[in-house]
Amino acid sequence: MSKLTFTGERFIPTCAGEIAYEHWHRYAFAKGMVDGKRVLDAACGEGYGSALLAHTAASVVGVDIDAATIAHARTRYRDTRLSFVEGSCTALPLPDGAVDVVVSFETIEHLPEADQPAMLAEFARVLAPDGVLVISSPNRELYSDARHYVNEFHLHELYRDGLSRLLETAFGAQRWFHQRVATWSGIWAESREAESRAAEKHRAGDDGAESGAEAWLGGSDGVVPYTPGDGMYFIVVAAKTPAALPAATVRVSLLADVEDSEGQRAAANAGEVLRLDALLNQAHAALDRQSAHVLHLETLVAERDRAVDALGKRANEATQALAAARYQVTEARAERDQARAALVSETTRLNAAVRELERSVSNRQSLRWWLALPWLRLRRLFGGPPL
């Protein structure tokens, strides 16, 4: 069997707490109006409500726009009186006058304002002339305005007058009820006989209330009559003889103080949860901003590292170029020293030649040279070597 995850939009039976009370109680309330009737559960969601209504209805068709949800409902809830069909509430896949009761809980606010009249017109179309619509809608004044709350899944919430005007187009007769989850002080009669009768009726498939007061126990498996257990306190009405006891006229008694202090406390707790949730969302947003900033810094660090690597590469190239230049300077200096040594050697040789020449010139300019000159010429004339 496929499993659905609670997203905050479609209720599933595994949810607990206030939301479970609200959803289960609506279907338990409608259950007393569908005995032997043809029923449409519009926007049936997971299918738990359709299955509950099918216990007493002649037939129930659950319609939902989500294909995966319909597939889940068909797999989980199997009953010859129960079927599930994919479709939109503004274009129901049913013929005119096909059902006696239309149940539509927490649906209208999920539609855009322009589609809400179309949905109600479709409900009127598929209903028999004497059919009944059982519909719920959040009271925008208390649900959103008073709590400063925005439900992201609600497209257009209604005030009482707005809902009444929409309904009057096709449903002129209206009997209004109010639903609210609150904390009460309850006092109930201990009656083993009444508990036994309720158990026998439940085994026989009759879950109807025995008196004007209804109490239901809802869970993931359905809704059954609620039999109170022991209270935290006993209250005893005592007398000497049974005839002296007053007649038992009240089975269930509820009390709340004028200030509705427990309800206010619960509302304050809910408000605190909303406030903390808003703070948590702000913290998440701040964390997202910090994460983005960290990512930005990491990008800058990566860019800096790339720049450092580039500078390191350039520094290595410069170092290599400097080493090559130094080598060239060393080579040039060696060549210069060699040239300088050669120049010194040549200069020394030239100086020696100059000195020899000067000596030769000096000798030729001497008296001895002039006296020997005739003999030198004769010697050359006869082929002798010059002096």
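Above this text you will find the structure in question.
This text gives an overview of the structure that appears in the document. (Residues numbered from 1 in each chain as written. Predicted model: local features only at pLDDT ≥ 70, side-chain atom pairs only at ≥ 80, totals over all residues. Heavy atoms only, no water.)

Take the overall build of the protein next. In terms of helices and strands, the protein carries 9 helices and 9 strands. Looking at the protein as a whole, 24% of its 387 residues are labelled buried. Per element, the accessible surface of the protein, about 26,700 Å² overall, is 57% carbon and sulfur. (Helix = DSSP H or I, 4+ residues; strand = E, 2+ residues; numbered from the N terminus. Buried < 20%, exposed > 50% of the residue type's maximum accessible area, 1.4 Å probe, protein only. Areas by Shrake-Rupley, 256 points an atom, 1.4 Å probe, with all protein chains shown as cover.)

The next thing to look at is the pairing of strand β1 (residues 38-42). Burial analysis of β1 places 4 of its 5 residues in the buried class, the great majority of the element. Here β1 pairs with strand β2 (residues 59-64) via 5 bridges, running parallel. Bridge pairing in β2 places A42 opposite V63. One crossover worth recording links β1 to the parallel β2 by way of helix α2 (residues 48-53), and it is right-handed. Bridge count between β1 and strand β4 (residues 99-104): 3 bridges; the pairing is parallel. For V39, the partnering residue across the bridge sits in β4 and is V101. (Pairing = 2+ DSSP bridges. Right-handed = clockwise from strand over helix to strand, strands pointing away.)

Here the focus is the packing of aromatic side chains. Inspection of every chain in the model, using the stated rule, returns 5 aromatic pairs. Summarising the aromatic geometry, the rings of Y27 and F105 are spaced 4.9 Å apart at their centres and angled 85 degrees between planes, so their arrangement reads as edge-to-face. Of this pair, Y27 sits in helix α1 (residues 18-31) while F105 sits in the loop between β4 and α4 (116-126), placing them 78 residues apart in sequence. Each of the two residues, Y27 as well as F105, counts as buried. Measuring from centroid to centroid gives 5.1 Å for F29 and F177, while their planes differ by 65 degrees, and the two rings are edge-to-face. A residue pair is termed long-range when its members are at least 10 positions apart, and F29 in helix α1 and F177 in the loop between α6 (160-168) and β6 (185-188) qualify at 148 residues. Of the residues examined, F177 reaches a relative accessible area of 52% and is grouped as exposed. Here the aromatic residues W24, Y27, Y48 and F105 are joined through ring pairs into a cluster of three or more. Positioned above the aromatic ring of Y143 is the side chain of R147, whose terminal nitrogen or guanidinium carbon lies 4.9 Å from the ring centre. (Phe/Tyr/Trp six-rings, centres within 6.5 Å; stacked < 30°, edge-to-face > 60°. Lys NZ or Arg CZ within 6 Å of the ring centre and 35° of its normal.)

A separate point is the nonpolar core. Counting residues in hydrophobic clusters, the biggest one holds 25 residues, and the most contacted among them are Y27, V39, L53, V60, L82, F84 and V103. For this core, the secondary-structure elements that each account for two or more residues are α1, α2, α3 (67-76), β3 (82-86) and β4. Examining the composition of this core, we find that 5 residues originate from one element, α1, more than from any other. Sequence-distant contacts of V103, that is, excluding residues within four places in its chain, are made with Y27, A30, V39, L40, D41, A42, L53 and V134. Among the nonpolar cores identified, the runner-up in size contains 22 residues, and L92, V99, I108 and F123 belong to it. (Core = buried A, V, L, I, M, F, W, Y, C linked by side-chain atoms within 4.5 Å. Contact = heavy atoms within 4.5 Å.)

Taken together, the side chains of W375, L378, L381 and F382 define a hydrophobic patch exposed on the protein surface, amounting to about 570 Å² of accessible area. With respect to the secondary-structure elements, L378 resides in helix α9 (residues 367-381). (Patch = residues over 30% accessible without salt bridge, like charges linked within 9 Å, V, L, I, M, F, W, Y side chains within 5 Å. Salt bridge = Lys/Arg side-chain N within 4 Å of Asp/Glu carboxyl O.)

Okay, the sheet that holds β2 next. With parallel pairing, the 5 strands of this open sheet are ordered in space as β3-β2-β1-β4-β5. Looking along the sheet, the strands with just one partner apiece sit at the ends: β3 and β5 (127-135). Here the strands of the sheet are splayed against their neighbours by 20 degrees on average, with no regard to which way each runs. In this structure, β2 lies alongside β3, joined through 5 bridges in parallel fashion. Within β3, the residue paired with G62 across the bridge is F84. Its contacts with the sheet put α3 on β2 and β3, and the angle it makes with β3 is roughly 165 degrees. (Axes fitted to C-alpha atoms, helices over the stretch in contact; angles between N-to-C directions.)

In this section: the environment of R180. If you trace the backbone, R180 turns up in the loop between α6 and β6. Taking relative accessible area as the criterion, R180 reaches 59% and is therefore assigned exposed. Separated by 159 residues in the primary sequence, R180 and Y21 place their C-alpha atoms 9.5 Å from one another.

Now for α3. Restricting attention to buried positions, one finds in α3 the residues T69, I70, H72 and A73. Down the axis of α3, the sector holding all buried residues measures 160 degrees, keeping them to one side. Contact partners of the buried residues in α3: β2 and β3. (Arc of directions from axis to C-beta.)

Next up on the list: the pattern of salt bridges. Per the stated rule, a full pass over the model turns up 12 salt bridges. Its salt-bridge partner being R349, residue E346 comes within 2.2 Å of it at the nearest N-O pair. Here E346 and its partner R349 are both found in helix α8 (residues 261-364), 3 residues apart, which amounts to about one turn of the helix. Look at E346 and you get partly exposed, because its relative accessible area is 33%. A salt bridge links E356 to R359; its shortest N-O distance comes to 1.4 Å. On the criterion of helical spacing, the pair formed by E356 and R359 is a turn pair, its members being 3 residues apart in helix α8. Judged by relative accessible area, R359 falls into the partly exposed class, the value being 42%. Connected through salt bridges with shared partners, the residues D96, E122 and R125 form a single ionic network.

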